[in-house]
Amino acid sequence: GIGHTLPFLIGDFRLAMTAAVLVVVLELGIISWIRHRYMETPTLSAVLQVGLGGVLVFITGILIGSS
C-alpha cells in the first residue's frame, strides 16, 4: 500500500499522479502474472479478473471520495 502514496511526496501533482498510476499498473500486472504462474489461471482470464477488480476499486474510491 505504501507504493501508492510515496509518489505524492513529489511536489508536482501531475507528476506524482502519473507515478502513482504507473505503480498501480505495475502492481496489477504482477498480480496477474502470479495468478497465471502459480494458480494456473489462463493469461487473458487473469488479466481480465485483476483488471476488473482494479476498476471496481477505482470506482469505489471515486464514490467514497465524492460523498
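As shown above, the structure is provided for reference.
Residues numbered from 1 in each chain as written. Predicted model: local features only at pLDDT ≥ 70, side-chain atom pairs only at ≥ 80, totals over all residues. Heavy atoms only, no water.

A few words now on unusual backbone geometry. Not every positive phi belongs to a glycine, and Glu 40 is a case in point at roughly 55 degrees. Residue placement: Glu 40 occurs in the loop between helix H2 (13-38) and helix H3 (43-65). Judged by relative accessible area, Glu 40 falls into the exposed class, the value being 70%. (Helix = DSSP H or I, 4+ residues; strand = E, 2+ residues; numbered from the N terminus. Buried < 20%, exposed > 50% of the residue type's maximum accessible area, 1.4 Å probe, protein only.)

This part takes up the packing of aromatic side chains. All chains considered together, the criterion is met by 2 aromatic pairs. When the ring of Trp 33 is compared with that of Tyr 38, the centres are 5.9 Å apart and the planes differ by 90 degrees; the resulting orientation is edge-to-face. Residue classification places Trp 33 among the partly exposed positions, given a relative accessible area of 46%. The class of Tyr 38 is exposed, set by a relative accessible area of 57%. Between the NZ or CZ atom of Arg 37 and the centre of the ring of Tyr 38, over which it lies, the distance is 5.4 Å. (Phe/Tyr/Trp six-rings, centres within 6.5 Å; stacked < 30°, edge-to-face > 60°. Lys NZ or Arg CZ within 6 Å of the ring centre and 35° of its normal.)

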